[in-house]
Number of protein chains: 4
Amino acid sequence: MMDKWYAVFEQQQQARGIDLRIVKENLKSLKVETPSWGYGDSGTRFKVFQQEGIPRNSYEKLEDAAQVHKYTGISPSVAIHIPWDKVDNFSSLKQHAEDLGIAIGAVNPNLFQDDDYKFGSITNSDAAVRRKATDHLLECVEIAKMVDSRDISLWFADGTNYPGQADIRKRKHWMYECLAEMYQSLDDNMRMLIEYKFFEPAFYHTDLADWGMSFNMAQKLGAKAEVLVDTGHHPQGTNIEHIVAYLLDEKRLGGFHFNSRKYADDDLIAAAHNPYELFLTFYQIVTALVDDDPEVRHNANNIAYMLDQCHNLEPKIPAMIRSITNVQTLYAKALLINLDKVKKAQQDQDVLAAEHEVRKAFEVDVTPLLQAVREEMGIPADPMEAYLESDYGNKILSRGKGGASW
Amino acid sequence: MMDKWYAVFEQQQQARGIDLRIVKENLKSLKVETPSWGYGDSGTRFKVFQQEGIPRNSYEKLEDAAQVHKYTGISPSVAIHIPWDKVDNFSSLKQHAEDLGIAIGAVNPNLFQDDDYKFGSITNSDAAVRRKATDHLLECVEIAKMVDSRDISLWFADGTNYPGQADIRKRKHWMYECLAEMYQSLDDNMRMLIEYKFFEPAFYHTDLADWGMSFNMAQKLGAKAEVLVDTGHHPQGTNIEHIVAYLLDEKRLGGFHFNSRKYADDDLIAAAHNPYELFLTFYQIVTALVDDDPEVRHNANNIAYMLDQCHNLEPKIPAMIRSITNVQTLYAKALLINLDKVKKAQQDQDVLAAEHEVRKAFEVDVTPLLQAVREEMGIPADPMEAYLESDYGNKILSRGKGGASW
Amino acid sequence: MMDKWYAVFEQQQQARGIDLRIVKENLKSLKVETPSWGYGDSGTRFKVFQQEGIPRNSYEKLEDAAQVHKYTGISPSVAIHIPWDKVDNFSSLKQHAEDLGIAIGAVNPNLFQDDDYKFGSITNSDAAVRRKATDHLLECVEIAKMVDSRDISLWFADGTNYPGQADIRKRKHWMYECLAEMYQSLDDNMRMLIEYKFFEPAFYHTDLADWGMSFNMAQKLGAKAEVLVDTGHHPQGTNIEHIVAYLLDEKRLGGFHFNSRKYADDDLIAAAHNPYELFLTFYQIVTALVDDDPEVRHNANNIAYMLDQCHNLEPKIPAMIRSITNVQTLYAKALLINLDKVKKAQQDQDVLAAEHEVRKAFEVDVTPLLQAVREEMGIPADPMEAYLESDYGNKILSRGKGGASW
Amino acid sequence: MMDKWYAVFEQQQQARGIDLRIVKENLKSLKVETPSWGYGDSGTRFKVFQQEGIPRNSYEKLEDAAQVHKYTGISPSVAIHIPWDKVDNFSSLKQHAEDLGIAIGAVNPNLFQDDDYKFGSITNSDAAVRRKATDHLLECVEIAKMVDSRDISLWFADGTNYPGQADIRKRKHWMYECLAEMYQSLDDNMRMLIEYKFFEPAFYHTDLADWGMSFNMAQKLGAKAEVLVDTGHHPQGTNIEHIVAYLLDEKRLGGFHFNSRKYADDDLIAAAHNPYELFLTFYQIVTALVDDDPEVRHNANNIAYMLDQCHNLEPKIPAMIRSITNVQTLYAKALLINLDKVKKAQQDQDVLAAEHEVRKAFEVDVTPLLQAVREEMGIPADPMEAYLESDYGNKILSRGKGGASW
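Residues numbered from 1 in each chain as written. Chains lettered and ligands numbered in written order. Predicted model: local features only at pLDDT ≥ 70, side-chain atom pairs only at ≥ 80, totals over all residues. Heavy atoms only, no water.

Moving on, we come to the overall build of chain A. When its secondary structure is counted, chain A shows 16 helices and ten strands. Its C-alpha radius of gyration of 21 Å places chain A within 12% of the 22 Å reference for a compact globule of 406 residues. Per-residue burial over chain A gives 71% buried out of 406 residues. Restricting to contacts in chain A with at least 6 residues of sequence separation, those with at least 24 account for 79%. By element, 47% of the accessible surface of chain A is carried by carbon and sulfur atoms, the whole surface being about 12,900 Å². (Helix = DSSP H or I, 4+ residues; strand = E, 2+ residues; numbered from the N terminus. Rg over C-alpha atoms; globule rule 2.2 N^0.38 Å. Buried < 20%, exposed > 50% of the residue type's maximum accessible area, 1.4 Å probe, protein only. Contact = heavy atoms within 4.5 Å. Areas by Shrake-Rupley, 256 points an atom, 1.4 Å probe, with all protein chains shown as cover.)

Once that is clear, we can look at the pattern of salt bridges. Oppositely charged side chains can pair when the atoms bearing their charge come close. The tally for this structure, following the rule as stated, stands at 160 salt bridges over all chains. Of the charged contacts in the structure, one is a salt bridge between arginine 191 of chain B and aspartate 151 of chain B, with a shortest N-O distance of 2.9 Å. Of the two residues, arginine 191 of chain B sits in strand β6 (residues 191–195) while aspartate 151 of chain B sits in strand β4 (residues 151–154), which places them 40 residues apart along the sequence. Judged by its relative accessible area of 9%, arginine 191 of chain B falls in the buried class. Salt bridges here are not isolated pairs; linked through shared partners, they connect Arg169, Lys172 and Lys220 of chain A together with Asp249, Glu250 and Asp291 of chain D. (Salt bridge = Lys/Arg side-chain N within 4 Å of Asp/Glu carboxyl O.)

To continue, consider the environment of leucine 100 of chain A. All names here are of chain A. With respect to the helices and strands, the residue leucine 100 is situated in the loop between α4 (90–99) and β3 (103–109). Linking leucine 100 and proline 380, residues 280 residues apart in sequence, is a C-alpha distance of 18 Å. With residues near it in sequence (within four places) discarded, leucine 100 still touches Leu62, Glu63 and Ala66.

This paragraph deals with the relation of the copies chain A and chain D. Mapping chain A onto chain D leaves a residual RMSD of 0.0 Å; the transformation is a rotation of 180° accompanied by 0.0 Å of translation along its axis. Here the symmetry operator amounts to a two-fold rotation axis. Residues of chain A ranked by C-alpha distance from the rotation axis are headed by glycine 212 of chain A, positioned 2.2 Å from it. (Least-squares fit on C-alpha atoms with pLDDT ≥ 70 in both.)

Turning to helix α2 (residues 20–29) of chain A, a few remarks are in order. Residue and element names in this part refer to chain A. Inspection of α2 places Leu20, Val23, Lys24, Asn26 and Leu27 among the buried residues, and these make up the whole buried set. Buried residues in α2, looked at end-on, bunch into an arc of 160°, giving them a common side. Contacts from the buried residues of α2 go to α1 (2–15), α9 (275–289), α11 (316–335) and α14 (367–377). The backbone nitrogen of arginine 21 lies 3.0 Å from a side-chain oxygen of the residue at the head of α2, namely aspartate 19. (Arc of directions from axis to C-beta. Polar contact = N/O pair within 3.5 Å; in protein donor to acceptor, adjacent residues only side chain to side chain.)

Our focus in this paragraph is the UniProt feature "domain: Xylose isomerase-like TIM barrel" (unreviewed entry) in chain A. Under the local residue numbering, the UniProt record ascribes the feature "domain: Xylose isomerase-like TIM barrel" (unreviewed entry) to residues 80–267 of chain A. In residues 80–267 of chain A, helix accounts for 36% and strand for 19%; the two terminal C-alpha atoms are 17 Å from one another. (UniProt positions renumbered as here; feature names shortened; annotations may be inferred.)

On to the interface of chain B and chain A. If you look at the interface, chain B gives 43 residues, while chain A gives 43 residues. Both sides together, the interface formed by chain B and chain A hides about 4,100 Å², and carbon and sulfur atoms give 60% of it. Its largest share of buried area at the contact with chain A, chain B owes to Arg45, Phe46 and Tyr263 of chain B, together 22% of the area lost on that side. Inspection of the region where chain B meets chain A yields ten salt bridges. In this structure, aspartate 265 of chain A engages arginine 45 of chain B in a salt bridge whose closest nitrogen and oxygen atoms are separated by 2.8 Å. (Buried area = accessible area lost by both parts, 1.4 Å probe.)

This brings us to the interface of chain A and chain D. The interface is formed by 58 residues belonging to chain A together with 58 residues belonging to chain D. When the two sides are added together, the surface that chain A and chain D hide from each other amounts to roughly 4,500 Å², 54% of it contributed by carbon and sulfur. Counting across the chain A and chain D interface gives ten salt bridges. The partner of glutamate 250 of chain D in a salt bridge is lysine 172 of chain A, with the nearest N and O atoms 2.7 Å apart.

Residue and element names in this part refer to chain D. Burial analysis of strand β3 (residues 103–109) places six of its seven residues in the buried class, the great majority of the element. Bridge count for strand β2 (residues 77–82) against β3 is five bridges, and the pairing is parallel. In the strand pairing of β3, serine 77 is matched with alanine 103. (Pairing = 2+ DSSP bridges.)

Turning to the side chain of serine 121 of chain A, a few remarks are in order. Residues and elements named next belong to chain A. Following the sequence through the fold, serine 121 ends up in the loop between β3 and α5 (127–146). Side chain to side chain, serine 121 and aspartate 158 meet in a polar contact 2.9 Å long. Residues in contact with serine 121, not counting those within four places in the same chain, are Leu111, Val129, Arg130, Ala133, Phe156 and Asp158.

This part is about the relation of the copies chain B and chain A. Expressed as a screw operation, the relation of chain B to chain A combines 0.0 Å of axial shift with a rotation of 180°, fitting to an RMSD of 0.0 Å. By residue overlap, the copies meet face to face through one surface: 100% of the interface positions of chain B are interface positions in chain A.

To continue, consider helix α13 (residues 351–363) of chain B. Between its first and last C-alpha atoms α13 of chain B spans 18 Å; for 13 residues at 1.5 Å apiece the expected length is 18 Å, and the two agree. Three or more residues of α13 of chain B are buried, namely Val351, Leu352, Ala354, Glu355, Glu357, Val358, Arg359, Ala361 and Phe362 of chain B. The secondary structure elements touched by the buried residues of α13 of chain B are α9 (275–289), α11 (316–335) and α12 (339–347) of chain B together with α9 (275–289), α11 (316–335) and α13 (351–363) of chain D. (Expected span 1.5 Å × (residues − 1).)

Here we take up the packing of aromatic side chains. For the coordinates displayed, the defined rule picks out 93 aromatic pairs over all chains. Residues phenylalanine 256 of chain B and phenylalanine 258 of chain B carry aromatic rings whose centres are separated by 5.1 Å and whose planes lie at 10° to one another, so their mutual orientation is stacked. Grouped by ring-pair contacts, the aromatic residues Tyr276, Phe279 and Phe362 of chain A together with Tyr276, Phe279 and Phe362 of chain C constitute a single cluster. Over the ring of tyrosine 246 of chain C we find lysine 172 of chain B; its NZ or CZ atom is 4.5 Å from the centre of that ring. The ring of tyrosine 117 of chain C is capped by lysine 132 of chain C, whose NZ or CZ atom sits 5.7 Å from the centre of that ring. (Phe/Tyr/Trp six-rings, centres within 6.5 Å; stacked < 30°, edge-to-face > 60°. Lys NZ or Arg CZ within 6 Å of the ring centre and 35° of its normal.)

A few words now on the state of the cysteines. All names here are of chain C. One pass over the structure, following the stated rule, counts zero disulfides over all chains. Cysteine cysteine 178 remains unbridged, with the sulfur of cysteine 140 as its closest cysteine sulfur at 14 Å. Judged by its relative accessible area of 6%, cysteine 178 is buried. (Disulfide = S-S within 2.5 Å.)

Turning our attention to the confidence of the model for chain A. Taken residue by residue, chain A gives an average pLDDT of 97. The fraction at 70 or more is 100%. Overall fold confidence (pTM) sits at 0.98, and the ipTM for the predicted complex is 0.97. (pLDDT = per-residue confidence, 0-100.)

Below, the discussion takes up unusual backbone geometry. A cis geometry characterises the amide bond from glutamate 200 of chain A onward to proline 201 of chain A, with omega recorded as 5°. At aspartate 148 of chain C, a position not held by glycine, the phi torsion is positive, near 60°. Mapped onto the fold, aspartate 148 of chain C is located in the loop between α5 (127–146) and β4 (151–154). Owing to a relative accessible area of 59%, aspartate 148 of chain C belongs among the exposed residues under this scheme. Phi at aspartate 267 of chain C is positive, roughly 60°, even though this residue is not glycine. Judged by relative accessible area, aspartate 267 of chain C falls into the buried class, the value being 5%.

Before going further, it helps to examine the environment of glycine 40 of chain C. Residues and elements named next belong to chain C. Inspection of the secondary structure puts glycine 40 in the loop between β1 (34–35) and α3 (58–72). As a C-alpha pair, glycine 40 and asparagine 57 span 17 residues in sequence and 9.1 Å in three-dimensional space. Every residue in contact with glycine 40, bar those within four places of it in the chain, is listed here: Ile54, Lys316 and Ala404.

A word on the packing of helix α8 (residues 240–249) of chain C against helix α10 (residues 294–301) of chain C. Residue and element names in this part refer to chain C. In the contact formed by α8 and α10, the axes pass within 8 Å of each other and the chain directions differ by 125°. Classified by the angle their axes make, α8 and α10 are oblique. Within the contact between the two elements, α8 uses Leu247, Leu248 and Asp249 and α10 uses Val296, Asn299 and Ala300. Residue composition of the contact of α8 with α10, grouped by class: four nonpolar, one polar and one charged. (Axes fitted to C-alpha atoms, helices over the stretch in contact; angles between N-to-C directions. Parallel < 35°, antiparallel > 145°, perpendicular 65-115°, else oblique. Nonpolar A, V, L, I, M, F, W, Y, C, P; charged D, E, K, R; others polar.)

Next comes the structure, spelled out in structure tokens:
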């Protein structure tokens with residue numbers, strides 16, 4: 001019956017002019033990194049509900065992440081967070097990852113949980129705090145070199161809660177100075193991915209509040225600095241795919257932190273609340289993959305796709321698998337857009353036809369396609385089902401409660 | 001010089017037709033309750049920055065609250081939170097408050113920090129959890145009776161994070177059943193103040209998401225149930241003063257949780273980000289105080305004014321004093337609106353004149369008025385300055401770090 | 001090939017436990033009313049771009065609407081707007097509709113375009129204006145009786161632009177008085193559908209600003225008054241499906257004005273920007289259709305589904321067809337939710353399973369189902385294609401530019 | 001009595017360490033431009049309520065604007081809009097302005113009301129439309145030269161309503177090409193002020209959607225291109241003063257379009273809904289006026305302050321006067337901030353003290369200061385009162401209804 005379904009699917013897509021060979025290649029090359037902290041306990045400011053079986057250390061986090069890759073086949077790396085994942089021996093951690101068939105991905109400095117950072121880290125008016133913060137950034141670059149990571153993901157909680165609390169413009173200069181020093185320490189193949197956030201934990205102003213501030217900073221720093229888009233870090237209503245298209249056009253789209261939100265930075269399972277939005281984001285990326293400008297294509301081919309979520313209520317590993325398959329599903333749908341037909345309708349200024357061509361691809365059920373791709377990759381057809389049928393979930397219960405949290 | 005200022009002020013207000021005697025009476029009868037948890041450590045989901053000198057128990061929280069009343073003169077009661085403020089002997093706690101010249105105010109149940117409440121408290125699909133939650137509510141009513149509190153403030157974190165997670169309509173019925181049971185246990189003079197919240201910690205749906213849901217619940221329960229407005233619990237752009245006017249007209253405005261926000265439920269110092277909004281809220285209340293309908297006047301005279309804030313960066317006691325004086329300042333300004341002139345302009349449909357009459361009162365500097373009122377009340381002219389000059393702030397440092405938190 | 005597709009679809013849904021017979025019945029009974037004004041020219045405050053072929057009068061609007069019904073089969077009625085659709089002889093208009101195979105649906109009074117309503121209609125401080133407005137409402141009830149309409153849709157632009165401009169509470173009373181008078185004039189089978197709106201054209205306060213105000217008004221008026229939900233009339237982030245579920249539970253959901261928005265009240269093609277939201281709304285309705293409470297079922301079976309959109313850039317008739325099929329598509333998907341499985345997962349508090357059951361239905365491509373239904377109804381398999389292949393679009397070009405607008 | 005008030009005020013400010021001489025100088029040099037279209041009829045998409053006495057042509061608009069300047073003393077120029085203000089003889093128009101004691105200010109092209117611009121002007125996929133749009137921009141530069149205007153204000157309605165409707169990145173390139181051509185035509189002293197807008201009239205994507213897009217465009221174009229901030233063009237919650245500080249630091253803040261909003265782009269009287277926000281914006285500017293960096297000071301001294309509002313309900317000239325005095329009032333308050341004390345508190349990381357210093361200035365009633373300044377400028381102490389007492393308002397009634405509108 002799956003065969004019949006795929007046969008129908010294939011016939012339909014061919015009839016629509018879609019080259020499934022290319023679609024499958026693209027799907028096989030998609031990689032979505034999971035964050036080590038996503039396997040630990042998390043919560044809201046009101047309560048962290050501890051789960052049983054949470055990894056007790058970074059080694060166990062990698063083990064859980066390896067499960068996600070085992071069942072999805074497209075999640076071969078894990079972002080780490082320093083100091084949460086600070087270990088005595090990073091070679092050993094790296095080796096552990098490799099033994100598990102995965103790798104360590106982006107390195108994330110933490111500049112928001114030390115008491116010294118109460119009034120800012122690299123924007124603190126106290127030069128000693130800025131020094132400390134910068135040293136931490138440099139340390140993270142060194143760690144990245146040790147574990148062969150290309151990317152340093154930079155999110156700064158820095159900001160203020162009240163009008164007048166701090167000198168906004170001075171903080172801007174301090175931030176630049178610190179990041180410029182960090183930039184110097186990067187190897188040629190390394191990248192700084194500069195995130196921004198509309199608000200939280202700062203409630204009046206956030207030093208890097210929007211893509212424009214991250215983008216301008218990246219431009220000042222140099223070609224190794226790019227912008228990181230967290231899908232939950234925008235004002236309500238923001239057209240995120242427009243920002244993505246814009247950054248691709250400027251060749252500065254470094255990567256994504258995927259997650260879903262309905263309100264603020266809710267950090268829920270990717271695409272769980274407005275799947276069309278993520279599809280439309282991939283639509284912009286898919287057009288860039290075939291752009292005339294080789295630099296735009298280069299950017300589109302080097303986007304770091306990462307999850308950054310908190311699964312406060314749901315079990316961690318399945319939630320991660322769901323997120324990965326959601327991302328994959330929406331990418332698959334975007335790959336089914338007939339871009340030539342869209343282009344034709346756009347040239348004709350036929351609004352309804354252009355919109356229809358895009359939406360039509362979203363409405364396709366890509367289950368048979370994904371199952372075919374997974375089969376070709378030697379991955380279970382239904383990653384979630386396969387994981388739930390394994391006994392890994394039970395096995396880790398022996399870890400008990402009170403594992404790692406952030 | 002203060003005298004000269006007051007003389008000018010008095011002359012001006014008389015010229016505007018304002019009866020300062022009435023204004024002062026109103027100001028003297030204003031009472032703003034502070035929350036016991038506002039004296040403890042708090043933070044965001046990212047970090048709680050611990051402060052030195054935080055009260056280590058409920059008795060010390062009352063002591064700090066007594067300081068706020070000592071310097072402001074209008075904060076004679078303290079809301080408590082169960083179980084945070086659960087003590088062996090509530091008579092003793094009550095006595096401690098009275099010894100400090102204050103009283104225990106509203107009782108706040110906590111139905112969001114027990115592991116059992118992960119999927120809801122009084123809306124949980126598990127009847128045993130609902131029973132437990134209802135029992136906690138009944139316990140809080142008993143505590144209220146023990147400490148002579150009139151009001152039970154009810155905020156429910158209950159909600160869901162994902163579409164389909166729960167049966168929204170069943171939860172609505174369960175909530176009613178539990179609250180109806182609680183309602184039966186109230187003495188005749190007691191009130192349930194039912195809060196609502198747009199989102200957080202629930203990120204898909206919140207069982208009591210807006211004033212309409214709280215209001216409808218209150219109506220179903222009976223006359224002892226009223227609506228509690230937390231100024232930070234609305235969607236962006238919401239006209240809060242409209243809701244306040246509406247509830248006053250329905251005689252169901254139970255009280256306020258004051259705080260300030262720019263983004264979500266930021267819980268900052270009251271009126272620190274948009275003081276005009278709080279002024280306009282008081283403008284609606286001030287019109288109700290002189291309404292033709294005695295029931296509306298009765299409601300306006302029985303509003304429970306309470307703070308509900310987290311001072312994550314700033315010292316607790318001064319932040320509370322600032323909040324109290326901010327509320328007092330904006331109430332004072334609202335009392336200076338010449339309602340007759342507003343009414344006249346409204347009748348004439350003279351938009352600019354009507355708006356001007358309201359705004360003009362906001363623009364008045366009420367410092368001399370507040371100083372005069374404080375002098376008449378035997379309170380320092382500048383509460384903040386007086387507190388900072390006292391050595392209380394130093395004295396409590398001996399408590400060290402690691403005091404109470406939520 | 002369509003047959004093969006349907007065969008696969010049928011087999012899959014049967015395997016999922018879905019009774020396609022019931023699904024089809026439900027789909028056949030869906031009716032979505034289009035608005036007469038949606039066939040006229042419209043625009044933003046900046047510009048109305050006139051289109052060629054716009055109907056020049058109400059008779060021609062009905063003719064266009066009949067085309068939408070001809071190709072979709074589920075749009076057999078047309079809402080009219082008074083005075084835009086005021087004709088000398090309503091019997092003749094009614095007959096014209098019937099001759100076209102359609103009927104006149106809801107009657108919409110207009111209380112926002114007369115100079116007298118500058119400062120409000122039924123909330124105007126001038127009693128003469130309120131009288132005039134109420135008379136217009138009564139006139140609309142009479143028209144509804146003449147054209148055999150059950151529903152009067154009530155949207156009020158009434159509100160203010162500035163703090164202090166008007167007495168919010170008095171306006172609330174005036175509104176009630178006027179609507180109570182109107183209520184008396186209704187026949188027993190008639191309904192008042194009371195709409196609300198967050199803002200626009202009033203920019204400070206809107207007299208009926210949210211569902212709670214409409215709901216409370218409906219309750220005060222009586223059982224013939226219900227709430228009308230316009231999907232574009234909420235603050236950003238609002239969980240509309242929660243409101244829908246709430247109103248169903250209260251048996252007061254009168255109907256919908258469908259349209260899509262990303263920002264404010266954008267009035268775009270239904271479901272064009274976040275199709276999942278409309279699906280989740282139908283999910284709530286679908287659960288109500290099988291509720292234990294017969295009154296809830298009765299409400300769910302008597303919802304007035306209506307479009308209320310402005311097609312500023314796109315041609316009117318195709319935009320309406322697209323909207324109708326979008327609504328139909330999302331309703332079809334919601335009908336494919338296995339409610340028993342959702343219920344089971346909800347009882348188990350299995351968040352991921354419950355969410356999955358709901359989302360899975362959304363991901364189904366319902367094209368074969370809709371084509372089968374249309375075939376059984378004697379309607380073209382692809383309504384849009386069939387319309388575009390007809391020469392109606394060309395024929396109406398003879399009307400020229402400068403047709404009806406609002 | 002005014003004298004006594006001023007004496008108290010002066011004494012207080014001196015005690016606070018404020019140099020009133022400098023404050024007054026700054027106040028006297030403030031200039032706020034009014035827009036010619038602000039004197040014409042306007043409305044929402046639902047209705048334009050026509051007023052009596054609206055100017056019938058550009059000459060009469062200038063006459064009304066001259067009244068605003070006559071009574072405020074700080075509004076000596078008028079922005080014009082082409083083609084609304086297109087006249088046969090711009091020398092004559094310029095002469096008329098000069099005869100009235102005012103001047104023509106910024107020139108605003110209109111690229112949103114021609115049928116050709118339905119799908120975009122300088123981002124239209126049709127090269128002929130882009131040519132036409134660019135020619136209009138060049139024409140406006142020529143007009144600016146004719147009337148001795150320094151600034152061309154550029155707002156583009158360009159955008160799309162539906163996903164897929166157009167190629168976002170291509171439109172970005174087309175826009176650059178057109179603006180680069182326009183840039184070449186500027187004289188050395190001229191400036192392009194590039195506005196941005198979150199949404200409306202485009203409801204899916206707006207080509208220049210935020211400050212970052214305008215800023216990046218300005219940087220690409222060259223030093224004569226700067227960013228224009230319209231205070232109503234941001235997502236809810238946006239920290240506008242942060243953007244202002246940022247642009248000042250980048251020396252790219254070209255100017256402001258002032259107006260007030262609670263919801264979307266409501267275009268109401270400046271500062272009527274959240275006066276603190278405008279005060280905080282001026283606070284950022286005031287710090288820039290005394291910055292160590294001469295380029296920042298230069299930018300702060302060359303900001304084009306302009307109103308851009310629609311007075312839909314209220315009479316035009318008084319609404320403009322109110323807006324001007326609101327802006328003046330908030331600027332005056334910002335000038336009373338003791339920046340040294342703020343700086344000291346910021347260095348001490350004393351959040352409450354820093355916030356207090358800023359807010360304290362806001363709470364000062366600047367009426368005596370403004371009256372003193374006006375007296376020194378030979379302007380009526382109360383501009384609104386003086387205007388209302390004049391008979392200009394009556395005189396223009398002879399113009400009747402049906403004047404200019406947009």
